[in-house]
Amino acid sequence: MRTLGTTPAADGFRMPAEWERHDGCWMVWPQNGYVWREGARPAQRALAALANAVADTGEDVTVTVTGDQYAHARSSLDSRVRVVEVTSWLGWARDIAPTFVVDDTGRRRGVDFAFNGYGNRYPYWATDDQYARKVLDLTATDRYRAPLVVEGGAFHVDGEGTALVTAENLLDPARNSGPTRTAMEELLAAYLGVTRTVWLDRGLTHDATLGHVDNMACFAAPGLVCLTWTDDTRDPQYERSARALEQLRGATDARGRTLRVEKLPLPGPLHATEGEMRGTDSHTSPARHPRPPRLAASYANFYLSADHLFVPLLDPGYDDEALTRLARIFPDHTVVGIPTRELLLGGGNIHCATQQMPSPQ
């Protein structure tokens, strides 16, 4: 692995869309008791179900695990899932694993964005700031180290030059000192190879990441965006989603297309029970990291491969509607629902738990 002093865009690299071909998928074994109860065992079972389901489709899956959890993870995962010891603390591969970029000559490299625990909102983040570099070392992938703090859930791309982000997240002063839209657009252009950034004001209400776009909206195809939506005007999410819809319908992408929007239902509102909160460090030490009263649940937090779509099952009142809508939006994909409430209790979901390794073009 070499650490390069240039940028991906300068070298002709770009981040592909998630629906482009993958060589594999990376996940992190949940283990911290800060956000997960019972030593993260219920969350581990949910992650294992997800990893096994993705592996069932033929995609290569790698789950990284801290050493003392290796035997347990290996016994819980299908034999087709590779298990590798890599020390980490946070369970969200999307945010701490490298973002892979490709060029038109068949090369793949990795972007290592700085990580500071979502603006120092979580402890022990220094370990996870090294995680991307470790994965790039394991895969012998050349590395770019980005100069600013950005998590992988903070952007979504269409593979054709457009990025989708929220101002709530990218302009958070706890992540970067005095961030500006111009600086962030220049960063995304340099490290993702995009030429246009579409800004939404805010993400999902009660999102512990403070507005990750992948919980709010995502590209389903070039020119097409899925948006979390509620018709309940009394719900605090309504104003956020209505503003996002206005912004999306008034935007064009890097190819000049006016964006089309498909609405996904907002589940719930869902809340953690006292039993689900009991025993976590964040619950016993609420002054340090108070648990939000509402779970940031979203059907947009899915994982998309070339021919499958893995969707969180969150609320019996809305699951069928969400699956039906997504099957219509992705007619060439097999839609697979995975029960993921235990992942949600830790602040994320399927998209947060996965990071694709795209195939070189």
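Residues numbered from 1 in each chain as written. Predicted model: local features only at pLDDT ≥ 70, side-chain atom pairs only at ≥ 80, totals over all residues. Heavy atoms only, no water.

Q: An account of the overall build of the chain is needed here, citing residue identities and associated values.
A: Looking only at helices and strands, one finds 14 helices and 17 strands in the chain. By the compact-globule yardstick of 21 Å for 361 residues, the chain fits well, its C-alpha radius of gyration being 19 Å. A principal-axis box enclosing the C-alpha atoms of the chain has dimensions of 50 × 50 × 45 Å. In the chain, which comprises 361 residues, the proportion classed as buried is 60%. Across the chain, the fraction of contacts at a sequence separation of at least 24, relative to all contacts at a separation of at least 6, is 76%. Here the chain has roughly 13500 Å² of accessible surface; of this, 47% comes from carbon and sulfur atoms. (Helix = DSSP H or I, 4+ residues; strand = E, 2+ residues; numbered from the N terminus. Rg over C-alpha atoms; globule rule 2.2 N^0.38 Å. Buried < 20%, exposed > 50% of the residue type's maximum accessible area, 1.4 Å probe, protein only. Contact = heavy atoms within 4.5 Å. Areas by Shrake-Rupley, 256 points an atom, 1.4 Å probe, with all protein chains shown as cover.)

Q: Summarise the nonpolar core; cite the residues concerned and give the values.
A: Ranked by size, the top nonpolar core spans 49 residues in total, and within it Met27, Leu50, Val63 and Leu77 carry the most contacts. Where this core is concerned, the elements lending two or more residues are β2 (22–28), α1 (41–56), β3 (61–65), β4 (82–85), α3 (93–96), α6 (131–138) and α14 (350–353). Take this core: its biggest share by element is 9 residues, from α1. Other than its neighbours up to four places away in sequence, Leu77 contacts Trp29, Ala48, Ala51, Asn52, Val63 and Val83. Ranked by size, the runner-up nonpolar core spans 44 residues in total, among them Leu164, Leu259, Ala300 and Leu309. (Core = buried A, V, L, I, M, F, W, Y, C linked by side-chain atoms within 4.5 Å.)

Q: So what's going on with the pairing of strand β7 (residues 143–149)? Residues and values would help.
A: Pairing of strand β1 (residues 3–4) with β7 involves 2 bridges; the strand directions are parallel. Along β7, the bridge assignment pairs Leu4 with Tyr144. Pairing of strand β6 (residues 108–114) with β7 involves 4 bridges; the strand directions are parallel. In the strand pairing of β7, Gly110 is matched with Arg143. (Pairing = 2+ DSSP bridges.)

Q: Got a sec to walk through the sheet that holds strand β10 (residues 196–200)? Specific residues and values, please.
A: The strand order β8-β9-β10 describes an open sheet built from 3 strands, whose pairing is mixed. Either end of the sheet is taken by a strand with one partner, and the two such strands are β8 (156–157) and β10. Bridge count for β8 against strand β9 (residues 162–166) is 2 bridges, and the pairing is antiparallel. Considered in β9, the bridge of Val157 is made with Ala163. Across the sheet, helix α8 (residues 181–192) touches β8, β9 and β10, and the angle it forms with β10 is around 130 degrees. (Axes fitted to C-alpha atoms, helices over the stretch in contact; angles between N-to-C directions.)

Q: Please provide a residue-by-residue account of the sheet that holds strand β14 (residues 303–304), values included.
A: Taken together, the 3 strands give an open sheet; going across it, the order is β14-β15-β16, and neighbouring strands pair in mixed fashion. Pairing within the sheet leaves two strands with one partner each, and these edge strands are β14 and β16 (334–339). As paired elements, β14 and strand β15 (residues 308–313) share 2 bridges and run antiparallel to each other. Residue pairing across strands places Leu304 opposite Leu309, the latter belonging to β15. Taken strand by strand, helix α12 (residues 319–329) contacts β15 and β16, and its axis lies near 160 degrees from that of β15.

Q: So what's going on with the confidence of the model for the chain? Residues and values would help.
A: Averaged over every residue, the pLDDT of the chain is 95; residues scoring 70 or more account for 97%. Low pLDDT, under 50, characterises residues 285–289; the predicted model gives this stretch 6 contacts beyond four residues in sequence or across chains. (pLDDT = per-residue confidence, 0-100.)

Q: Summarise the packing of aromatic side chains; cite the residues concerned and give the values.
A: The description of an aromatic ring pair rests on the distance of the ring centres and on the angle between the ring planes. Per the stated rule, a full pass over the model turns up 11 aromatic pairs. With centroids separated by 5.3 Å and ring planes inclined at 85 degrees, the aromatic side chains of Phe115 and Tyr118 adopt a geometry described as edge-to-face. Pair check on accessibility: Phe115 and Tyr118 agree, each one buried. Here the basic side chain of Arg181 rests over the ring of Trp199, its NZ or CZ set 4.7 Å away from the ring centre. Between the NZ or CZ atom of Lys263 and the centre of the ring of Trp229, over which it lies, the distance is 4.0 Å. (Phe/Tyr/Trp six-rings, centres within 6.5 Å; stacked < 30°, edge-to-face > 60°. Lys NZ or Arg CZ within 6 Å of the ring centre and 35° of its normal.)

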